[in-house]
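Chain by chain, the residues run as shown.
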Amino acid sequence: SRIRLVDGDSPCSGRLEIYHDNTWGPVCSQPSSHTLPVTGKDLKQMGCGTVLRISTETPSGEIPKAFMGYDSMCEAVPGRARCQHTLKQVEQCKMYFTVKDLSSSDSAILDVRLLDGKTPCDGILEVYFNHMWQRVRGEPVDETVAEVVCRQLGCGLFRHALRIPPNEHRFLPIVCTGEEENLSDCLTYIGNPFNYTSHHLGMVCSVPDVPFKTRLVGGENSCAGKVEVFVRDSWKMICPEGQGTQIAAVVCRELGCGSVVDVVTGSHIWNTLGSGWNRALLCQGSERQLSHCNKLWRRYSYCENPEDRLGVICSGSAVSQLRLVGGSHSCEGTVEVYHNNTWGTVCDHDWDIHEAAVVCKQIGCGPAWEAGSGAVSGDSGPVWLDHVFCSGTEADLSLCGSQLLLQNQCRTGRRATVKCSSSGLSSMRLVHGSHPCEGRLEVYHDNIWSTVCNHYWDFQDAAVVCKQLGCGSAMETALSNPFGSGSGPVWLKRVFCSGSESYLSQCGSWTSQQFLCSTLDDVGVTCSGVDTGISSVRLADGSRRCAGRLELYSNDTWGRAQSDLYGRAEWNLPEAAVVCKQLKCGPLLKVNPEQDMKEKRTYDEKLFEGTNIFLPEDLLLENIHVEYSPWDIYCSGTESSISQCGSKIMTQDPYQHIYVQCSDSGVSGVRLVDGDSSCSGRVEVNYSNTWGTVCDYR
């Protein structure tokens with residue numbers, strides 16, 4: 001590492017020293033300093049956190065051989081700002097910096113929001129830190145912090161900053177490079193010696209991108225080839241930053257192609273002629289589709305070299321079964337998956353509580369206690385999976401992104417293990433609200449009512465609570481709980497719901513006696529108190545009854561359905577399949593967001609709103625009046641009508657609609673063939689007077 005902390009009371013505290021010109025030296029405080037010449041990435045590489053208490057001390061005792069001064073320079077172009085620190089050795093230093101890492105579960109940025117704007121993608125920046133919402137001052141320039149916030153919120157590109165006059169609100173100084181994916185990766189200063197101006201930070205981000213399509217082309221089958229995305233009315237190739245495993249895992253998952261077998265770059269396998277996309281995709285590996293990954297602006301020459309372009313080979317099928325072995329009971333042990341007619345283990349790379357929550361849910365146990373790893377003997381069988389990427393909401397491990405190991409290579413030599421609770425939730429309630437459909441969330445476990453920690457709690461989780469209680473749609477779920485603190489234990493630390501579950505016990509979850517979560521962080525939920533009232537659906541302006549633009553009937557009004565792009569919750573296969581079922585049409589053929597030209601003008605106007613960019617006359621906004629439905633819907637696909645799905649009130653952004661195409665007739669027959677009896681065999685269905693098979697992708 002290029003930095004170190006010395007003479008402190010822990011490895012993450014002490015005098016800050018930097019290695020420069022083959023010499024270690026303390027970092028001097030200078031009158032022009034606005035930040036330290038280090039980043040959150042530097043601290044994390046040392047195993048330290050990013051919440052720092054900074055102070056200065058006068059050199060005393062033995063004088064170091066060298067001191068380090070630095071000059072900072074920041075340059076900005078629209079939507080992008082970067083700062084550089086130039087180090088230099090100095091002979092004299094009146095004050096040097098000391099640092100103490102204060103990071104903990106109570107001292108971390110747990111959530112981010114923009115308030116008092118027109119949409120969730122503009123307004124005053126607030127972060128949830130130390131049990132309260134606080135405003136932010138970005139240093140050394142606001143733009144680097146704003147760029148990270150827009151990326152974290154899924155709001156596209158940063159457009160411009162807003163300087164908010166100070167008031168009685170407390171504010172945090174936060175320092176970003178602009179490359180981070182989350183504000184928690186930036187540095188947060190507590191009690192620092194820098195002189196900051198007092199304004200608070202606000203921002204305007206661009207409208208979230210409409211989800212783009214992804215495909216693999218040029219390979220031996222539809223699950224292999226170069227990766228292309230459909231953006232700006234054309235297919236473009238993409239370039240990975242790093243090994244590309246996470247991007248490849250998302251691609252294979254999105255296309256229903258199982259696990260990653262190989263990641264290929266360059267033109268030596270497939271033809272990479274064509275244009276590349278000058279955006280870098282930052283994927284966790286757990287995203288459901290590539291368009292959900294964060295995007296970084298890059299120079300226009302980015303991805304022009306064909307040798308940098310990405311290709312992927314997927315397995316074509318997923319692992320089919322899962323079990324835990326070698327534990328003291330059926331809900332703990334080493335994870336094994338069934339593939340190629342053989343049980344095999346899972347390498348522990350990237351294995352954490354998200355994957356453990358999915359495993360515990362899949363095998364019918366309670367919340368996950370621990371995601372671990374263990375050594376194995378030489379006769380443990382093949383290692384089938386590595387780099388498993390789950391969000392925690394998946395129904396089983398086969399729906400997570402992953403890499404299939406064909407050569408039995410697990411470089412760590414350790415295998416993934418899981419410990420689950422043997423029992424789950426038996427009941428839940430909302431208490432201390434003004435009516436039964438709002439209040440502090442409590443769950444019943446082991447004959448005691450306990451609360452739920454609000455760390456990473458979101459609207460999908462709240463939608464399941466409201467649905468289970470028969471309380472309609474989720475209206476609000478606030479980290480600052482207005483319903484008071486509970487007196488019992490905080491039993492659940494994390495809950496992972498997709499929003500389509502009927503009961504909270506069907507979601508992935510995590511409990512542990514080792515985590516710290518104060519009762520000040522208890523979850524509070526507000527539901528609408530009544531059913532969504534979506535009494536009917538229809539497909540309008542299509543060529544036939546079972547195809548067209550999706551509209552929902554609620555409160556005596558037909559409204560156009562739309563995806564919640566701010567919440568990255570699009571109408572997808574499960575929701576559209578329920579529409580086809582409710583309309584008594586046949587199986588779903590296609591679902592995708594579409595725009596007509598008038599709506600596209602509305603969209604283009606929003607992209608350039610607040611900038612000095614001149615719009616041609618043919619792009620000027622037209623006055624369009626369309627009724628839009630305010631409901632965001634979460635379905636599993638098993639429901640018989642949309643009213644049975646989870647839902648929440650969403651922020652309306654009227655520039656796109658959902659086109660659904662169902663077949664006109666359904667399946668007319670089912671049979672089992674080529675089995676050893678009439679009750680076994682391959683499943684075939686009769687559709688349009690033809691017998692065909694059923695894909696096993698879930």
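All figures in this text were calculated on a predicted structure; none of them were measured in a lab.

A. Spatial organisation of the overall build of the protein. When you go through the protein residue by residue, the secondary structure sums to 7 helices and 46 strands. Residues counted as buried form 51% of the 698 residues belonging to the protein. Looking at the protein alone, contacts between residues at least 24 apart form 68% of all its contacts between residues at least 6 apart. Accessible surface, the protein: about 31,800 Å² in total, of which carbon and sulfur atoms supply 48%.

B. Structural context of the packing of aromatic side chains. This model, assessed by the stated rule, comprises 7 aromatic pairs. Aromatic pair Tyr-338 and Trp-343: ring centres 5.1 Å apart, planes at 55°, arrangement tilted. The class of Trp-343 is partly exposed, set by a relative accessible area of 23%. The side chain of Arg-15 reaches across the aromatic face of Tyr-96, ending 5.8 Å from its centre. Sitting above the plane of the Trp-235 ring, Arg-215 keeps its charged end 3.9 Å from the centroid.

C. Representation of helix α4 (residues 353-362) in the model. Burial within α4 is extensive, with 8 of its 10 residues counted as buried. When we look at burial in α4, the residues that qualify are Ile-353, Glu-355, Ala-356, Ala-357, Val-358, Val-359, Cys-360 and Lys-361. Buried residues in α4 make contact with β22 (321-326), β25 (368-375), β26 (383-389), β28 (414-420), β34 (494-496) and β35 (508-510). At the exit of α4 stands Gly-364, carrying a positive phi of roughly 80°.

D. Just the nonpolar core, in detail. Among the nonpolar cores identified, the biggest contains 28 residues, and Val-337, Val-346, Trp-351, Leu-385, Val-388, Leu-397 and Val-418 are the most heavily contacted of them. Secondary-structure elements contributing two or more residues to this core are β22, β23 (332-339), α4, β26 and β28. Broken down by element, the residue count for this core peaks at 6 residues, all from α4. For Leu-385, the residues in contact, after removing those within four places along its chain, are Ser-259, Val-319, Val-337, Thr-345, Val-346, Cys-347, Ser-402, Gln-403, Leu-404 and Leu-405. In this structure, Leu-125, Val-145, Val-148 and Ile-174 belong to the second largest nonpolar core, which totals 25 residues.

E. Examining the pairing of strand β27 (residues 401-404) more closely. The side-chain alternation of β27 yields two buried faces, one formed by Gly-401 and Gln-403 and the other by Ser-402 and Leu-404. Judged from the 3 bridges that link them, β26 and β27 form a sheet pairing that is antiparallel. Pairing of Phe-389 across the sheet is with Gly-401, part of β27.

F. Geometry of the state of the cysteines. In total, this model carries 18 disulfides according to the counting rule given. Disulfide partner of Cys-546: Cys-585, at an S-S distance of 2.0 Å. Taking the sign of the S-S torsion, -85° for the link of Cys-546 and Cys-585, the bridge is left-handed. Of the two residues, Cys-546 is situated in the loop between β37 (536-544) and β38 (547-554) and Cys-585 in the loop between α6 (573-582) and β40 (588-594); the sequence distance between them amounts to 39 residues. Residue classification places Cys-546 among the buried positions, given a relative accessible area of 1%. Judged by its relative accessible area of 12%, Cys-585 falls in the buried class.

Each value, and the rule that gives it
- Residues numbered from 1 in each chain as written.
- Predicted model: local features only at pLDDT ≥ 70, side-chain atom pairs only at ≥ 80, totals over all residues.
- Heavy atoms only, no water.
- Helix = DSSP H or I, 4+ residues; strand = E, 2+ residues; numbered from the N terminus.
- Buried < 20%, exposed > 50% of the residue type's maximum accessible area, 1.4 Å probe, protein only.
- Contact = heavy atoms within 4.5 Å.
- Areas by Shrake-Rupley, 256 points an atom, 1.4 Å probe, with all protein chains shown as cover.
- Phe/Tyr/Trp six-rings, centres within 6.5 Å; stacked < 30°, edge-to-face > 60°.
- Lys NZ or Arg CZ within 6 Å of the ring centre and 35° of its normal.
- Core = buried A, V, L, I, M, F, W, Y, C linked by side-chain atoms within 4.5 Å.
- Pairing = 2+ DSSP bridges.
- Disulfide = S-S within 2.5 Å.

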